[in-house]
Amino acid sequence: VIIYGDLPKNKENVIYLSNHQCTVDWIIADMLAIRQNALGHVRYVLKDGLKWLPLYGWYFSQHGGVYVKRSANFNEKEMREKLRAQMKAETPMYLVIFPEGTRYNPEIPKVIADSQSFAEKEGLAILKHVLTPRVKATHVAIDTMKDYLDAVYDVTVAYEGTVDHKGQRKLAPSMTEFLCKECPRVHIFIDRIELKDIPEEQMYMRRWLHERFEIKDKLLIEFYDAKDSKRRNKFPGKSVHSKLSLKKTLPSLMFLGGLTASMLLTESGRKLYVKTWIYGTLIGCLWVSIKP
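Conventions used here
- Residues numbered from 1 in each chain as written.
- Predicted model: local features only at pLDDT ≥ 70, side-chain atom pairs only at ≥ 80, totals over all residues.
- Heavy atoms only, no water.
- UniProt positions renumbered as here; feature names shortened; annotations may be inferred.
- Helix = DSSP H or I, 4+ residues; strand = E, 2+ residues; numbered from the N terminus.
- Buried < 20%, exposed > 50% of the residue type's maximum accessible area, 1.4 Å probe, protein only.
- Axes fitted to C-alpha atoms, helices over the stretch in contact; angles between N-to-C directions.
- Parallel < 35°, antiparallel > 145°, perpendicular 65-115°, else oblique.
- Left-handed = near helix turned anticlockwise from the far one by under 90°.
- Contact = heavy atoms within 4.5 Å.
- Nonpolar A, V, L, I, M, F, W, Y, C, P; charged D, E, K, R; others polar.
- 1 Å grid on protein atoms, 1.4 Å probe; cavity = no way out; pocket = protein on both sides within 12 Å on 5 of 7 lines; lining within 4 Å.
- Points joined across faces, edges and corners; volume = space filled by probe spheres on them.
- Domains from an automatic or database assignment.
- Core = buried A, V, L, I, M, F, W, Y, C linked by side-chain atoms within 4.5 Å.
- Phe/Tyr/Trp six-rings, centres within 6.5 Å; stacked < 30°, edge-to-face > 60°.
- Lys NZ or Arg CZ within 6 Å of the ring centre and 35° of its normal.

- In the nomenclature of an unreviewed UniProt entry, the chain is known as PLCE acyltransferase of Daphoenositta chrysoptera.
- The Sequence similarities (unreviewed entry) comment attached to the chain in UniProt states, word for word, "Belongs to the 1-acyl-sn-glycerol-3-phosphate acyltransferase family."

1. Some details on the UniProt feature "domain: Phospholipid/glycerol acyltransferase" (unreviewed entry) in the chain
Working step 1: Sequence positions flagged by UniProt for "domain: Phospholipid/glycerol acyltransferase" (unreviewed entry) are, in local numbering, residues 14–139.
Working step 2: Between the end C-alpha atoms of residues 14–139 there is a gap of 14 Å, over a span that is 38% helix and 14% strand.

2. Description of unusual backbone geometry
Working step 1: The phi angle at asparagine 37 is positive, at roughly 55°, despite the residue not being glycine.
Working step 2: If you trace the backbone, asparagine 37 turns up in the loop between α1 (24–34) and β3 (42–47).
Working step 3: With relative accessibility at 52%, the residue asparagine 37 sits in the exposed group.
Working step 4: The residue leucine 55 is not glycine, and still its phi comes out positive at about 65°.
Working step 5: Of note, leucine 55 is situated in the loop between β3 and α2 (56–62).

3. Describing α1
Working step 1: With nine of its eleven residues buried, α1 lies for the most part within the structure.
Working step 2: Within the sequence span of α1, burial applies to Val24, Asp25, Trp26, Ile28, Ala29, Met31, Leu32, Ala33 and Ile34.

4. Details of the packing of helix α3 (residues 76–88) against helix α5 (residues 136–145)
Working step 1: Viewed as axis vectors pointing N to C, α3 and α5 meet at an angle of 40°, and their least axial separation amounts to 10 Å. The orientation of α3 relative to α5 falls into the category oblique. As α3 runs across α5, the sense of the crossing is right-handed. Contacts from Glu76, Met79, Arg80, Leu83, Arg84 and Met87 of α3 reach α5 at Ala137, His139, Val140, Ala141, Asp143, Thr144 and Met145.
Working step 2: Tallied by class, the residues present in the contact of α3 with α5 amount to seven nonpolar, two polar and four charged.

5. Looking at the layout of surface pockets
Working step 1: A volume near 1,600 Å³ is recorded for the largest pocket.
Working step 2: Contributing to the lining of the largest pocket are 37 residues, with Ile27, Asp30, Leu39, Tyr56 and Leu256 lying nearest its centre.
Working step 3: Of all the secondary-structure elements, those providing two or more residues to the lining of the largest pocket are α1, β3, α2, α6 (175–179), α8 (246–264) and α9 (267–290).
Working step 4: Among the elements that take part in the lining of the largest pocket, α8 stands out by supplying ten residues, more than any other.
Working step 5: Among the domains, domain 1 (2–243) and domain 2 (245–291) are the pair contributing at least three residues each to the lining of the largest pocket.
Working step 6: The calculated volume of the second largest pocket comes to roughly 920 Å³.
Working step 7: Along its surface, the second largest pocket is lined by 36 residues, and Pro99, Glu100, Gly101, Thr102 and Arg134 are the ones closest to its centre.

6. Topic: the nonpolar core
Working step 1: With 39 residues, the main nonpolar core has Ile15, Val45, Met79, Leu95, Ala141, Met145 and Phe235 as its most contacted residues.
Working step 2: The leading source of residues in this core is helix α7 (residues 202–225), at eight residues.
Working step 3: Among all residues touching methionine 145, those that are not within four sequence positions of it are Ile15, Leu83, Met87, Met93 and Leu95.
Working step 4: With 31 residues, the next largest nonpolar core counts Met31, Leu32, Val155 and Tyr159 among its residues.

7. A closer look at the packing of aromatic side chains
Working step 1: Enumeration according to the criterion identifies 14 aromatic pairs in this entry.
Working step 2: Measuring from centroid to centroid gives 6.2 Å for tyrosine 16 and tyrosine 94, while their planes differ by 40°, and the two rings are tilted. Placement of tyrosine 16 in strand β2 (residues 14–18) and of tyrosine 94 in strand β5 (residues 94–97) is noted, with a sequence separation of 78 residues between them. We note that tyrosine 16, like tyrosine 94, is buried.
Working step 3: Look at tyrosine 44 and phenylalanine 60: their rings are 5.7 Å apart centre to centre, the planes differ by 80°, and that puts the pair in the edge-to-face class. With tyrosine 44 in strand β3 and phenylalanine 60 in helix α2, this residue pair connects regions lying 16 residues apart in the sequence.
Working step 4: Under the relative-accessibility criterion, tyrosine 44 is labelled buried at 7%.
Working step 5: Of the residues examined, phenylalanine 60 reaches a relative accessible area of 12% and is grouped as buried.
Working step 6: Through a chain of ring-to-ring contacts, three or more aromatic side chains come together here, namely Trp26, Tyr44, Tyr56, Tyr59, Phe60 and Trp277.
Working step 7: Cation over ring: lysine 216 sits above phenylalanine 213, and NZ or CZ is 5.3 Å from the ring centre.

Written out as structure tokens, the structure is:
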């Protein structure tokens with residue numbers, strides 16, 4: 001894990017804005033949070049369809065996650081109420097938002113072309129390595145929690161090994177590929193932004209957010225397309241090869257591994273495991289449909 005920019009050592013209440021390429025992006029937020037002793041504080045703004053995920057859909061909802069629908073179906077009131085409930089409970093906040101709304105996938109050029117066409121129509125800069133960001137969720141989150149937050153983290157993520165022999169960008173690693181070291185290094189650029197430097201009105205925040213994604217795009221152009229090969233596969237500026245000590249990772253590995261193994265090694269445990277998935281999923285789906 002190679003980290004660039006401003007990552008405070010101490011945990012803060014933040015909104016985390018990042019480019020989005022694959023499922024691993026969710027884990028990148030955890031990688032940064034654990035380095036600030038804030039791992040249990042990570043919460044997500046998720047697309048509404050994910051609430052039907054077996055067990056996880058219910059878990060994310062109970063853990064402070066916010067499900068949102070796109071475009072005209074976006075429910076601003078519901079999102080504000082969920083965030084206010086978290087603030088009232090004094091819940092530590094490490095709220096992850098992917099403003100692009102969907103993944104950047106070079107194997108689906110139509111999504112990229114539509115994003116660029118929309119930017120051109122709106123008079124915005126056309127972006128190459130990220131999609132045109134949507135501002136609604138970001139604006140609601142910042143506006144609702146502006147007196148609760150310490151900062152906004154603008155995060156840009158790039159995965160090594162995602163360029164083919166022709167120099168064209170490939171699909172970012174799947175979770176399996178990432179865990180099997182198909183991606184040798186992940187590069188994370190963090191820009192810590194004070195709330196006072198972010199426009200409050202949605203119209204101006206939209207322009208500000210697009211400008212932030214222009215900066216991301218320039219970083220990624222440097223990473224993937226730099227003419228000087230020595231400047232590729234890294235972001236500009238100083239970097240830190242950030243390792244974690246065993247004391248941060250071993251306890252949770254032993255606890256979860258032991259819990260899972262103890263269930264799977266006995267017949268009664270395996271039955272309990274299966275029933276948990278089946279009945280837990282049904283109850284969870286019912287719960288999130290009644291109480292988002």
